[in-house]
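Examination of the molecular architecture
Chain by chain, the residues run as shown.
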Number of protein chains: 2
Amino acid sequence: MPSPVPDAPSVAYDDVAAAARRLDGVAHRTPVMTSRTVNDHTGAEVVFKCENLQRTGAFKIRGGYNAVSQLSDDEKARGVITYSSGNHAQAIALAGRELGVDATIVMPEDAPQVKLDATRGYGAEIVTYDPDTTTRETLGQDIAEERGLTLVPPYDHPDVVAGQGTVGDELFDQAGPLDRLLVCCGGGGLLSGCALAARHHAPDCTVIGVEPAAGDDATRSFHSGERQTVENPDTIADGARTPYLGDVTFPLVLDYVDDMVTVSDGALVRAMHLLWERMKLVVEPTGALGAAALLDEVVSAEDERVGVVISGGNVDLGRAAALFEAHGLA
Amino acid sequence: MPSPVPDAPSVAYDDVAAAARRLDGVAHRTPVMTSRTVNDHTGAEVVFKCENLQRTGAFKIRGGYNAVSQLSDDEKARGVITYSSGNHAQAIALAGRELGVDATIVMPEDAPQVKLDATRGYGAEIVTYDPDTTTRETLGQDIAEERGLTLVPPYDHPDVVAGQGTVGDELFDQAGPLDRLLVCCGGGGLLSGCALAARHHAPDCTVIGVEPAAGDDATRSFHSGERQTVENPDTIADGARTPYLGDVTFPLVLDYVDDMVTVSDGALVRAMHLLWERMKLVVEPTGALGAAALLDEVVSAEDERVGVVISGGNVDLGRAAALFEAHGLA
């Protein structure tokens, strides 16, 4: 059980702006999209920020690249390491390639072949482990010490948060003023970064974090003011299965986010289906959290201008088709 | 078997520019996207124009709206009719709603419910027919005469061609100079309109039309100079099953297009899968024709800047998943 670290480094909007300059020409300036169907359904004017169309298929390259770029020359020469079976793995692999820094990624040996291949395709070294005999943290730390590598964590780092905040920065630049902003929440990196951007561009914008109902640690933490945990929650939103908010992200969420809500896996599948079928966007379950809160009317936004971040699109196509079928969606 | 009509009305770039002004604020200015994976694979710098992200999920709203907008007040008051079970049906339904013109769509009674619902959702009147007892042309003409409706054809009309040409117009504006442009070809409306735009913006750009191998009427027509036909070709590219180029489009294709090529259905499925999995775009088989020609190396474009039009994304998600599985793609 973690306890808040009072002297954890914080992040300010200036850090987001600096990250945006570093990411210029590296990350895509992803498009924003609108849908009359969604507007008619919600009574709101909704602008989707499409980070599923980002390089590597998710926003993670922003924070990963920003963090690796800020290492010292000596740290860069020795290389970086991370453990992830998700979007952060590909982000660090690509950031390493772009910056000429060797990247080592610790992944479970039963990770999907497509993810192993994609990560290896960016030139990273993959070290697999047997989840029955060791943990990725133990193995990762052992390798980091042995080789002198710098660990780049997936969310709990100021440079990662600042990088993810550029999603919100771009959205306000592209969409103009917003009354409300919906952002998915796993470890809180994207959420706290976007909240920082919202406070800068639109101080009155209501920022809402969205979690899967089974993985509601951040929602409980937000409402109680005490950091809460979940253990391996049963949800299709695999990017939001993180056990607790970070030392860096928890204080930022408390300071800059206005509310936290949760949505069911059923609502996630329905939102995904609408995004795929009507908006022609391949979106992963975690990426549909914000849209689901709006479409399932967990959040009401009538007559408002609402921004919704679509965080990623890395989902096995066959698995998505099976989810749609299991929920009676053609 | 049709014969070219020597005095068929032609279309010039000025008509495309005028259509662009009419479509401002009506059609989405769809994003262009790039993919390092595609660039690495082809050795080219490829820019995709994403008309799957257009309203109604396909480019057809451009030509449909432009054509309906140019009717006389009297014609508008009486209403329009078309026959289509595809993207043109939804385009005319939406164009009618936007312009306050009653739209009647003739569709087979066994059309997919989702298409009937979507078309009806735009406020159009749907008249279904039994394909065993009548043809859509006969029924459509009967209703048109009886009610005094104006027929808006799917491609063979100068205002439709001019509207579709705005796809190319926007692409050159967004992407800058291109060495090569790949456009799918059914009846030739999109292809000839985009070729007009290419000639205006980049006279040296090589414009290539792409058809499914089974529906190669336009390719044979282009190479022979005589209009050729196909009858109900067996291809998954349902938007390119048109029997022959039109009176308006055939001369334009001969004048402005540089080459025509075909791709197999297998190449289409592989291209679709890459667009879905790597670029997170839901693309229908017809919409992947241009990408397939490039990825399957039917067209070589090494060291070139290449534009590829993705024409639409209206495909049943379950059917797409089945196609991927049948071709051994996860």
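Just so you know, these numbers come straight off a predicted model, no measurement behind them.

Topic: the pairing of strand 8 (residues 206-212) of chain A
Residues and elements named next belong to chain A.
- Within strand 8, 6 of the 7 residues are buried, which leaves the element mostly enclosed by the surrounding structure.
- Strand direction decides the pairing type here: strand 7 (residues 180-184) and strand 8, joined by 5 bridges, are parallel. Within strand 8, the residue paired with Cys 184 across the bridge is Val 210.
- Once you follow strand 7 into helix 9 (residues 189-201) and on to strand 8, the crossover reads as right-handed.
- Sheet topology note: the strand 8/strand 9 (residues 259-263) ladder contains 5 bridges and is parallel. By the bridge assignment, Gly 209 is partnered in strand 9 with Met 260.

Details of the sheet that holds strand 7 (residues 180-184) of chain B
Residue and element names in this part refer to chain B.
- One open sheet accounts for 6 strands, arranged 1-2-10-7-8-9; its pairing is mixed. Only two strands of the sheet have a single partner each, and these edge strands are strand 1 (32-33) and strand 9 (259-263).
- In the packing of helix 8 (residues 158-175) onto the sheet, contacts are made with strand 1, strand 2 (45-50), strand 7 and strand 10 (305-310), and the angle to strand 2 comes to roughly 135°.

Focus: the confidence of the model for chain A
- Summing up the model confidence of chain A, the mean pLDDT is 94 and the portion of residues at 70 or higher is 98%.
- Two summary scores accompany this predicted model of the complex, namely pTM at 0.94 and ipTM at 0.93.

Concerning the layout of surface pockets
All names here are of chain B.
- Considered as a void within the structure, the second largest pocket measures approximately 1,400 Å³ in volume.
- Forming the walls of the second largest pocket are 46 residues, and the residues nearest its centre are Arg 136, Pro 154, Tyr 155, Thr 242 and Pro 243.
- Sorting the residues of the lining of the second largest pocket by element identifies helix 5 (87-99), helix 7 (136-147) and helix 9 (189-201) as the ones contributing at least two each.
- Residue classes in the lining of the second largest pocket are distributed as 18 nonpolar, 19 polar and 9 charged.

A short note on the environment of Ala 17 of chain B
Residue and element names in this part refer to chain B.
- Among the structural elements, Ala 17 can be located in helix 1 (residues 13-23).
- Overall, the relative accessible area of 19% leaves Ala 17 in the buried class.
- Put simply, Ala 17 and Gly 165 are 148 residues apart on the chain and 8.6 Å apart in space, counted from C-alpha to C-alpha.

Considering the packing of helix 12 (residues 265-277) of chain A against helix 14 (residues 317-326) of chain A
Residues and elements named next belong to chain A.
- Following both chains from N to C, one finds helix 12 and helix 14 inclined at 115°, their axes separated by 10 Å at the closest point. Note on packing geometry: the crossing formed by helix 12 with helix 14 is left-handed. Together, Val 269, Met 272, His 273 and Trp 276 of helix 12 and Leu 317, Ala 320, Leu 323 and Phe 324 of helix 14 make up the contact between the two elements.
- Here the contact of helix 12 with helix 14 is built from residues that sort into 7 nonpolar, 1 polar and no charged.

Notes on empty space enclosed by the protein
- Taken as a whole and assessed by the stated rule, the structure comprises 1 cavity of 30 Å³ or more.
- Volume-wise, the largest cavity comes out at about 40 Å³.
- Lining the largest cavity we find Trp 276, Leu 317, Ala 320, Ala 321 and Phe 324 of chain A together with Trp 276, Leu 317, Ala 321 and Phe 324 of chain B.
- Every element with two or more residues in the lining of the largest cavity is listed here: helix 14 of chain A together with helix 14 (317-326) of chain B.
- Of the residues that constitute the lining of the largest cavity, the class distribution is 9 nonpolar, no polar and no charged.

Here's the deal with the relation of the copies chain A and chain B
- Expressed as a screw transformation, the operator carrying chain A onto chain B has a rotation angle of 180° and an axial translation of 0.0 Å, and the superposed copies differ by an RMSD of 0.0 Å. Taken together, the rotation and translation relating the two chain copies correspond to the operation of a two-fold axis. Among all residues of chain A, the minimum C-alpha distance to the rotation axis is found for Leu 281 of chain A, at 2.6 Å.
- Both copies share a contact surface, since 100% of the interface residues of chain A are interface residues in chain B too.

Digging into the sheet that holds strand 9 of chain A
Residue and element names in this part refer to chain A.
- Ordered in space as 1-2-10-7-8-9, the 6 strands form an open sheet in which the pairing is mixed. Edge positions in the sheet fall to strand 1 (32-33) and strand 9, since each of these pairs with one other strand and no more.
- Running at roughly 85° to strand 9, helix 12 makes contact with strand 2 (45-50), strand 8, strand 9 and strand 10 (305-310) of the sheet.

A look at the domain arrangement of chain A
Residues and elements named next belong to chain A.
- When cut into domains, chain A gives domain 1 (13-58 + 157-326) and domain 2 (61-151).
- Between the C-alpha centres of domain 1 and domain 2 the distance comes to 24 Å.
- Taken together, the contact between domain 1 and domain 2 spans 24 residues of the former and 15 residues of the latter.
- Where domain 1 abuts domain 2, roughly 1,600 Å² becomes buried across the two surfaces, and 52% of that area is made up of carbon and sulfur atoms.
- For domain 1, the biggest contributors to the area lost against domain 2 are Arg 22, Arg 55 and Thr 56; these three give 36% of the whole.

Digging into the side chain of Glu 170 of chain A
Residues and elements named next belong to chain A.
- For Glu 170, the location among the structural elements is in helix 8 (residues 158-175).
- Given the relative accessible area of 14%, Glu 170 is considered buried.
- Separated by 3.1 Å, the side chains of Glu 170 and Arg 62 make a polar contact.
- Here Glu 170 is in contact with His 28, Arg 29, Thr 30, Lys 49 and Arg 62, once residues within four sequence places are set aside.

What counts and how
- Residues numbered from 1 in each chain as written.
- Chains lettered and ligands numbered in written order.
- Predicted model: local features only at pLDDT ≥ 70, side-chain atom pairs only at ≥ 80, totals over all residues.
- Heavy atoms only, no water.
- Buried < 20%, exposed > 50% of the residue type's maximum accessible area, 1.4 Å probe, protein only.
- Helix = DSSP H or I, 4+ residues; strand = E, 2+ residues; numbered from the N terminus.
- Pairing = 2+ DSSP bridges.
- Right-handed = clockwise from strand over helix to strand, strands pointing away.
- Contact = heavy atoms within 4.5 Å.
- Axes fitted to C-alpha atoms, helices over the stretch in contact; angles between N-to-C directions.
- pLDDT = per-residue confidence, 0-100.
- 1 Å grid on protein atoms, 1.4 Å probe; cavity = no way out; pocket = protein on both sides within 12 Å on 5 of 7 lines; lining within 4 Å.
- Points joined across faces, edges and corners; volume = space filled by probe spheres on them.
- Nonpolar A, V, L, I, M, F, W, Y, C, P; charged D, E, K, R; others polar.
- Left-handed = near helix turned anticlockwise from the far one by under 90°.
- Least-squares fit on C-alpha atoms with pLDDT ≥ 70 in both.
- Domains from an automatic or database assignment.
- Buried area = accessible area lost by both parts, 1.4 Å probe.
- Polar contact = N/O pair within 3.5 Å; in protein donor to acceptor, adjacent residues only side chain to side chain.

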